[in-house]
Amino acid sequence: FAYADSAFPDDHEQWSFHNVRGGATSDWTGVSMTALNGKPVACVVLGGQLRYLRSTQTVPTSASHWLDHNVVTSAGRYASLVITGGVPAIAYTDASFAKPRPALAWAESATPAAASDWCLDKYVTDSVPVKYLFMSASTFGGRPFLGFLAEGPFSSTQTMMMWGN
């Protein structure tokens with residue numbers, strides 16, 4: 001990851017780079033970061049596993065400053081992290097189906113430490129005849145708001161958005 005050394009960096013020398021987790025970069029297919037309680041948090045899809053990383057420091061400078069655990073073992077290529085209601089939530093594609101489904105996992109607290117600390121049973125939509133290409137999560141009015149690109153039955157690309165109740 002990299003963080004800016006100034007509010008508005010104007011060249012590459014104003015960025016600090018730090019390694020959080022090793023592994024072949026070809027196994028990494030998605031990463032998303034934000035802050036929770038003033039500390040960085042991230043999700044990453046690594047070798048088909050959706051992982052959550054939480055920093056123990058406001059400005060982490062080494063891999064030892066991060067807690068890392070698996071959330072699901074059947075994630076597709078993309079994931080997006082958002083904070084909603086003070087807890088992390090991750091939009092991801094569930095690859096355990098023939099046609100991956102957009103899904104939302106959310107933590108039961110602000111400091112999840114294991115897969116058992118996540119609610120995983122909420123699919124955004126039932127199986128539909130599309131291929132999901134990209135996921136993005138945000139909040140709107142205190143509810144999760146998901147955007148994704150989907151390739152339709154006739155190879156047309158559609159932008160779709162869904163939000164929680």
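Small disclaimer: the values here were computed from a predicted structure and weren't measured.

1. Thoughts on the nonpolar core
Ranked by size, the top nonpolar core spans 17 residues in total, and within it Leu-50, Tyr-52, Val-71, Ala-79, Ile-90, Tyr-92 and Trp-118 carry the most contacts. Counting residues per element, the ones that place at least two in this core are β4 (39–46), β5 (49–55), β6 (66–72), β7 (75–84), β8 (87–94) and β9 (101–107). Setting aside residues up to four positions removed in sequence, Leu-50 forms contacts with Cys-43, Val-44, Val-45, His-69, Asn-70, Val-71, Val-72, Ala-75, Ala-79, Ile-90 and Tyr-92. Counting seven residues, the second largest nonpolar core, distinct from the first, contains Val-82, Ala-89, Leu-104 and Leu-146.

2. A short note on the packing of aromatic side chains
A complete count under the given rule lists one aromatic pair for this structure. Residues Tyr-52 and Trp-118 carry aromatic rings whose centres are separated by 5.2 Å and whose planes lie at 65° to one another, so their mutual orientation is edge-to-face. Placement of Tyr-52 in strand β5 and of Trp-118 in strand β10 (residues 118–123) is noted, with a sequence separation of 66 residues between them.

3. Some details on the confidence of the model for the chain
Caution applies to low-pLDDT parts of the model: their predicted coordinates are not meant to be read in detail. Per-chain confidence: the chain averages 76 in pLDDT, with 66% of residues scoring 70 or above. Per-element confidence in the chain is highest for β5, whose mean pLDDT is 91, and lowest for strand β13 (residues 157–163), whose mean pLDDT is 50.

4. Here's the deal with the environment of Val-45
Inspection of the secondary structure puts Val-45 in strand β4. Under the relative-accessibility criterion, Val-45 is labelled buried at 0%. Separated by 25 residues in sequence, Val-45 and Asn-70 have C-alpha atoms that sit 9.7 Å apart.

5. Notes on the side chain of Ser-32
Examined against the element boundaries, Ser-32 turns out to sit in strand β3 (residues 28–36). A relative accessible area of 13% means that Ser-32 is categorised as buried.

6. Considerations on the pairing of β4
Taken across its eight residues, β4 has seven buried, putting it largely inside the fold. Bridge count for β4 against β5 is six bridges, and the pairing is antiparallel. Residue pairing for β5: Ala-42 is matched across the bridge by Leu-53. Between β4 and β5, which pair antiparallel one after the other, the connecting turn spans two residues, and Gly-47 there sits at a positive phi close to 60°.

Cut-off values and rules
Residues numbered from 1 in each chain as written. Predicted model: local features only at pLDDT ≥ 70, side-chain atom pairs only at ≥ 80, totals over all residues. Heavy atoms only, no water. Core = buried A, V, L, I, M, F, W, Y, C linked by side-chain atoms within 4.5 Å. Buried < 20%, exposed > 50% of the residue type's maximum accessible area, 1.4 Å probe, protein only. Helix = DSSP H or I, 4+ residues; strand = E, 2+ residues; numbered from the N terminus. Contact = heavy atoms within 4.5 Å. Phe/Tyr/Trp six-rings, centres within 6.5 Å; stacked < 30°, edge-to-face > 60°. pLDDT = per-residue confidence, 0-100. Pairing = 2+ DSSP bridges.

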